[in-house]
Amino acid sequence: MAKPILISGIQPSGKLHLGNYLGALKHFVELQNSGKYRCFFFIADLHSLTEPYTPKEKVAQITDLMRSFLAAGLSPIKSVLFMQSAIPAHSELAWILNTLTPMGELRRMTQFKEKSGVSAESASVGLFDYPVLMAADVLLYDAGVVPVGDDQDQHLELTRTLARKFNARFGKTFVEPKSLHTAVPRLMSLDDPTKKMSKSRPAGCLFLDDSPAEIRTKLGRATTDSGKEVKYDEKHKPGISNLLLIHSSLSGASVSALEKRYARKGYADFKRNVAEVVVKALTPYQAKKKKVSLSSAKSAFTKGDKAAGAIAEKKTVEVKKKVGLL
Ligand code: AMP
Ligand code: TRP
């Protein structure tokens, strides 16, 4: 039997943080190495144009993310690694799906509401249309599995709706995909554990390129809760619970084992230990990233662009025929 197809993307729009790592990138590597899936991972550079940027920044963000993919352990041999904008089929299918998407569905999207803020009328059409391009990314490859953080669930719901709608109208063409979460589908901010870790709140982020000293300082300052006990309790101890999840997913120890281990120790000791676990996990990544040359990253992506492009092109021909384009 053919392996199930898996796809996910990350935007090149600023530095990767630990939420991206524990909710997505680290999981990508595990899924790739499990051998259970046919994996596609891409850089969602077109999506990233929906936020403010300069061309110079954009080039730097894209090349940095290419190197991060490889440093984290994604492999051009085990997976197809590609650049979204290298494959015109993504934009083309997005256009066709646009014609099936009610504006009302897009207006309800939490991410659009958050990113457009109070000025939805001046937000770009690209920001509004972001979920439709994401649907095209997934549907082009017949992917059934999409590993993402839980902030992307609503977009995948729309992807399924569009697949169903297209199939009902034009005949079976697309697979309805499901999202796949890690144990940390939503890492919270260090400075305010009731908000998700996000680059829009840099003060609460641990960035993957932070130095050991920065990591120690940030974790030392992380907001904790009243009380003294190191115990998982999302409601009453969101700060400590978040740190327990960080420790657990990087060290491999279970949350209950950690609760026991730190039962008689205070928050300060625990936080120091979490910092050491993070430093230990990120050091090899950072060392590898220094060694990944831009030319090796570029050749990994060029190879993937060709492989993904051929699949996407074939699907686009099928879609065009189905809708009646010559
Ligand atoms: P982005 O940089 O927005 O393209 O996000 C890349 C991936 O990281 C997506 O799968 C997101 O769902 C995931 N992600 C972003 N922030 C977090 C977070 N705080 N916790 C878990 N996953 C996250
Ligand atoms: N929207 C995703 C994010 O912000 C990135 C993304 C774009 C994506 N296209 C995708 C993720 C397709 C999974 C599948 O995190």
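Please refer to the structure higher up on the page.
As the structure is a computational prediction, the values presented were derived from the model and not from experiment. (Residues numbered from 1 in each chain as written. Chains lettered and ligands numbered in written order. Predicted model: local features only at pLDDT ≥ 70, side-chain atom pairs only at ≥ 80, totals over all residues. Heavy atoms only, no water.)

Participant: Would you take a moment to explain the pattern of salt bridges for this structure?
Facilitator: Once their charged atoms are close, side chains differing in charge can pair, the charge on each being opposite to the other. Per the stated rule, a full pass over the model turns up 18 salt bridges. Glu105 serves as the salt-bridge partner of Arg108, at 3.6 Å between the closest nitrogen and oxygen. With a closest N to O distance of 3.0 Å, Arg272 and Asp269 form a salt bridge. Of this pair, Arg272 and Asp269 both sit in helix H12 (residues 267–291), three residues apart, which is roughly one turn of that helix. Since its relative accessible area comes to 53%, Arg272 is described here as exposed. (Salt bridge = Lys/Arg side-chain N within 4 Å of Asp/Glu carboxyl O. Helix = DSSP H or I, 4+ residues; strand = E, 2+ residues; numbered from the N terminus. Buried < 20%, exposed > 50% of the residue type's maximum accessible area, 1.4 Å probe, protein only.)

Participant: Is there a simple way to explain the pairing of strand S2 (residues 38–43) in this structure?
Facilitator: Each regular strand shows side chains that alternate between the opposite faces of the sheet. Burial of S2 is extensive: five of the six residues sit out of reach of the surface. Judged from the six bridges that link them, strand S1 (residues 5–10) and S2 form a sheet pairing that is parallel. Residue pairing across strands places Leu6 opposite Cys39, the latter belonging to S2. Considered for its hand, the β-α-β crossover made up of S1, helix H1 (residues 18–34) and S2 is right-handed. (Pairing = 2+ DSSP bridges. Right-handed = clockwise from strand over helix to strand, strands pointing away.)

Participant: Would you take a moment to explain the packing of aromatic side chains for this structure?
Facilitator: Both the distance between ring centres and the angle between the ring planes are used here to describe each pair of aromatic rings. For the structure on display, the rule yields ten aromatic pairs. Between Phe28 and Phe41 the ring centres are 4.7 Å apart and the planes differ by 20°, which places this aromatic pair in the stacked class. Within this pair, whereas Phe28 is found in helix H1, its partner Phe41 is found in strand S2, the two being separated by 13 residues in sequence. Between Phe166 and Phe170, the aromatic rings sit 4.7 Å apart at their centres with planes inclined by 45°, giving tilted as the arrangement. Residue Phe166 and its partner Phe170 are located together in helix H8 (residues 153–170), separated by four residues, close to a single helical turn. Here Phe166 falls in the buried class, since its relative accessible area comes to 0%. Judged by its relative accessible area of 21%, Phe170 falls in the partly exposed class. Feature note: the residues Phe40, Phe42, Phe82 and Tyr141 constitute an aromatic cluster, connected by ring pairs. (Phe/Tyr/Trp six-rings, centres within 6.5 Å; stacked < 30°, edge-to-face > 60°.)

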